[in-house]
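As a plain string of letters, each chain reads:
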Amino acid sequence: MKKLFFAMLASVIAISAMADDKVVVPDSTGFKFTDTKEIRHTPVKDQNKSGTCWCYSTNSFFENNHCYYDKAIKYIRMDGTINFAEGGAAEDVPYVWRKYGMVPNDVYTGMTYGDKKFDTHELTTLLSGYVGTINKNSRGKLTPAWKDGLQAILDSYMGKMPESFVYEGKTYTPQTWAASLGLNMDDYVPIASFTHHPYYQPFVLEVADNWLWSSYQNVPIDELLEIANYAIDNGYSIAWGADVSEKGFKWRNGYAILPVKKEVPDAAGTDMARWAQLSDKDREAELWDIKGPVKEQWVTPEERQEMFDNKETTDDHGMVIMGKAVDQEGNKYFKVQNSWDTNQLYEGYFYCSEAFFRAKTLNILVHKDAIPAKIAKKLGIKK
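Throughout what follows, the structure given in this document is the object of discussion. Nothing here was measured: the structure is a model prediction, and the numbers come from that model.

### Comments concerning the side chain of N210
Tracing the sequence through the fold places N210 in the loop between β7 (202-204) and β8 (215-218). Within the local environment of N210, its side chain forms a polar contact with the backbone oxygen of L205, the two atoms lying 3.1 Å apart. Other than its neighbours up to four places away in sequence, N210 contacts V204, L205 and Y216.

This is the structure in structure tokens:
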């Protein structure tokens, strides 16, 4: 198989599944996870000092050069009233695939000056200042020079994209190489679950990183969870956008859960006396000092919507769901591949409870065959 520039194989492509029932024993978290299903996938990536998790989760490191350019064009067209930043969404991958094609990592890494890991802080700071200046100082007709300047910045920091290249003895363009991979981007479906839009109809998700204004299929939350389970059970991994700013998201400890909110100890006895002496920071830490499986919130669609509307649930991060597991009490989890390197308890993976997924998922991207037939029919998706 070609050495891909992207990790699409680790995100939304159907490939053979493994079920090794591997037991993972933590050091001191109190959780013991048993993997019950795992989709074959490429290794964990490290996005390092870049804000492009959407690239790593859907794509390893995608043709970010193109997305920066197209974002800037749209930013100027909208008079600077939309977000211009590194953030994006899984739907950016099919967009660039169709418009620009793909290249192997051996041909184009997107890194210059001998860098081994991405650090895009300087680049994004420069780009933000550049497009902001163009927008602020534009008077009437813009000259084409600003686009040339934008491209020059990208080429300097990321390298010039090849118009053609030789790979494994064959000559390709980015478009012909993408075509050679045999993937149809129209087979991948973005899905979300919100009550402020009608179910079973497409809608534009109102988050800043959806700069493409991509449409999502809207399903009830029970069906979103059903799709996720069906996908993994049938050998399809999932590109997953979620809120990871929750207190129950413990990256270093390897789990994400949504505990039922703890109550402050009652005012009687020495327990309250000790509690009163703690600092606010210590009280907060004690409330979230989780020693193992706990009772979790199973949110309603209305509660989930309220979390989104009041900014308690935010569009934070893109990852890959590539397996399933249970803990020692039989609670169900999804196994997730992250892009924050491997220096963590489970070497770059963590376990997300179904309760956390249900409450804190912003969106998913799956192959159409990963959607149960009865739901696909409601959405008008033909398999």
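### Section: the pairing of strand β14 (residues 349-353)
Within β14, five of the five residues are buried, which leaves the element mostly enclosed by the surrounding structure. Burial along β14 is two-sided: Y349, Y351 and S353 and F350 and C352, pointing in opposite directions, are all buried. Inspection of the sheet shows strand β11 (residues 255-256) paired to β14 by two bridges, in the parallel sense. Residue pairing across strands places Y255 opposite Y351, the latter belonging to β14. Sheet topology note: the strand β13 (residues 332-337)/β14 ladder contains five bridges and is antiparallel. When the bridges of β14 are listed, Q337 appears paired with Y349.

### Details of unusual backbone geometry
At K311, a position not held by glycine, the phi torsion is positive, near 70 degrees. The residue K311 is located in the loop between α10 (301-309) and β12 (317-326) in this model. On the basis of relative accessibility, which here comes to 62%, the residue K311 falls in the exposed class. Backbone geometry at E347 places phi at a positive 55 degrees, although glycine is not the residue there. If you trace the backbone, E347 turns up in the loop between β13 and β14. When its relative accessible area of 55% is taken as the criterion, E347 is described as exposed.

### Quick look at the pairing of β13
Within β13, five of the six residues are buried, leaving the element largely enclosed by the surrounding structure. Pairing of β12 with β13, which is carried by six bridges, proceeds in the antiparallel orientation. Residue V320 lies in a different strand from β13, and its bridge partner there is Q337. Between the antiparallel neighbours β12 and β13 lie five residues, among them G330 with a positive phi of about 85 degrees.

### A short note on the environment of S237
When you line up the elements, S237 lands in the loop between α7 (221-233) and β9 (238-242). Measuring from C-alpha to C-alpha, the distance between S237 and V366 comes to 7.4 Å, with 129 residues separating the pair along the chain.

### A few points about the nonpolar core
A general tendency of soluble globular proteins is for nonpolar side chains to be buried together. Core analysis: the biggest nonpolar cluster contains 51 residues, and I191, W240, F350, F357, I364 and I371 have the highest contact counts within it. Here this core gets seven residues from one element, more than from any other, and that element is α7. Once residues lying within four places of it in the same chain are set aside, the contact partners of W240 are H317, G318, M319, I321, V336, F350, C352, F356, F357, T361, N363 and I364. Counting residues in hydrophobic clusters, the runner-up holds 33 residues, among them A72, L123, I153 and Y188.

### Some remarks on the packing of aromatic side chains
On inspection of all chains with the given rule, the structure shows 20 aromatic pairs. For the pair F33 and Y333, a centre-to-centre distance of 4.9 Å together with 75 degrees between the ring planes defines the contact as edge-to-face. Of this pair, F33 sits in strand β3 (residues 33-39) while Y333 sits in strand β13, placing them 300 residues apart in sequence. With respect to burial, F33 and Y333 carry one shared label: buried. Grouping aromatic residues by their ring pairs yields a cluster made of F31, F33, Y255, Y333, Y346 and Y351. In this arrangement the basic side chain of R304 is found over the ring face of F194, its NZ or CZ atom lying 4.9 Å from the centre.

The rules behind the values
Residues numbered from 1 in each chain as written. Predicted model: local features only at pLDDT ≥ 70, side-chain atom pairs only at ≥ 80, totals over all residues. Heavy atoms only, no water. Helix = DSSP H or I, 4+ residues; strand = E, 2+ residues; numbered from the N terminus. Polar contact = N/O pair within 3.5 Å; in protein donor to acceptor, adjacent residues only side chain to side chain. Contact = heavy atoms within 4.5 Å. Buried < 20%, exposed > 50% of the residue type's maximum accessible area, 1.4 Å probe, protein only. Pairing = 2+ DSSP bridges. Core = buried A, V, L, I, M, F, W, Y, C linked by side-chain atoms within 4.5 Å. Phe/Tyr/Trp six-rings, centres within 6.5 Å; stacked < 30°, edge-to-face > 60°. Lys NZ or Arg CZ within 6 Å of the ring centre and 35° of its normal.

By themselves, these are just geometric observations and shouldn't be taken as functional.
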